[in-house]
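Residue strings, one per chain:
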Amino acid sequence: MSSELAKRMREIREAETSGRHEFSQLIGVAKKTVESIEQSGRAPKGEMLEAICIQWPKYSLWLMTGQVNEAAGQVSPEIERTRDRLKPTGTDTGSRGE
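Okay, so let's go over this structure. On a predicted model such as this, the values are computed, not experimentally measured, just so you know.

**Here we look at the pattern of salt bridges**
A full pass over the atoms with the stated rule returns 12 salt bridges. For the salt bridge of R8 with E4, the shortest nitrogen-to-oxygen distance reads 4.0 Å. Placement of the pair is R8 and E4 together in helix α1 (residues 2-16), with a separation of 4 residues, close to one helical turn. With a shortest N-O distance of 3.0 Å, E14 and R10 are connected by a salt bridge. Taken together, the residues E14 and R10, both in helix α1 and 4 residues apart, mark about one turn of the helix. Several salt bridges converge on common partners, so that one network encompasses R10, R13, E14, R20, E35 and E38.

**Let's talk about the packing of α1 against helix α3 (residues 31-40)**
In contact at an axis separation of 8 Å, α1 and α3 are set at 125° when each is read in the N-to-C sense. The pairing of α1 with α3 is recorded here as oblique in orientation. Here α1 runs over α3; the crossing is left-handed. For the pair α1 and α3, the contacting residues are A6, M9, R10 and R13 in the first and V34, I37 and E38 in the second. Classifying every residue of the contact of α1 with α3 by side-chain character gives 4 nonpolar, no polar and 3 charged.

About the criteria used
- Residues numbered from 1 in each chain as written.
- Predicted model: local features only at pLDDT ≥ 70, side-chain atom pairs only at ≥ 80, totals over all residues.
- Heavy atoms only, no water.
- Salt bridge = Lys/Arg side-chain N within 4 Å of Asp/Glu carboxyl O.
- Helix = DSSP H or I, 4+ residues; strand = E, 2+ residues; numbered from the N terminus.
- Axes fitted to C-alpha atoms, helices over the stretch in contact; angles between N-to-C directions.
- Parallel < 35°, antiparallel > 145°, perpendicular 65-115°, else oblique.
- Left-handed = near helix turned anticlockwise from the far one by under 90°.
- Contact = heavy atoms within 4.5 Å.
- Nonpolar A, V, L, I, M, F, W, Y, C, P; charged D, E, K, R; others polar.

Put into structure tokens, the structure is as follows:
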């Protein structure tokens, strides 16, 4: 379980920030703490999990349980990446109303 929390924390970091420095600043913990958790696989403490959930509420359910509920706005970084790839670019050439 603890290594799963560490993995999910890292996935959020990779999806939402440019690296450990930015991630640690956004959640208010030392960069070394983030690095240590990711490298050791130990579970983040409750305060850190809470800070991540406050910063990125859309990942709260997934971070804590590994589950998603898209209808309730609870997604994973993978779902967000897929959504971003599928967003219309505004360059559609199809005509409307014809």
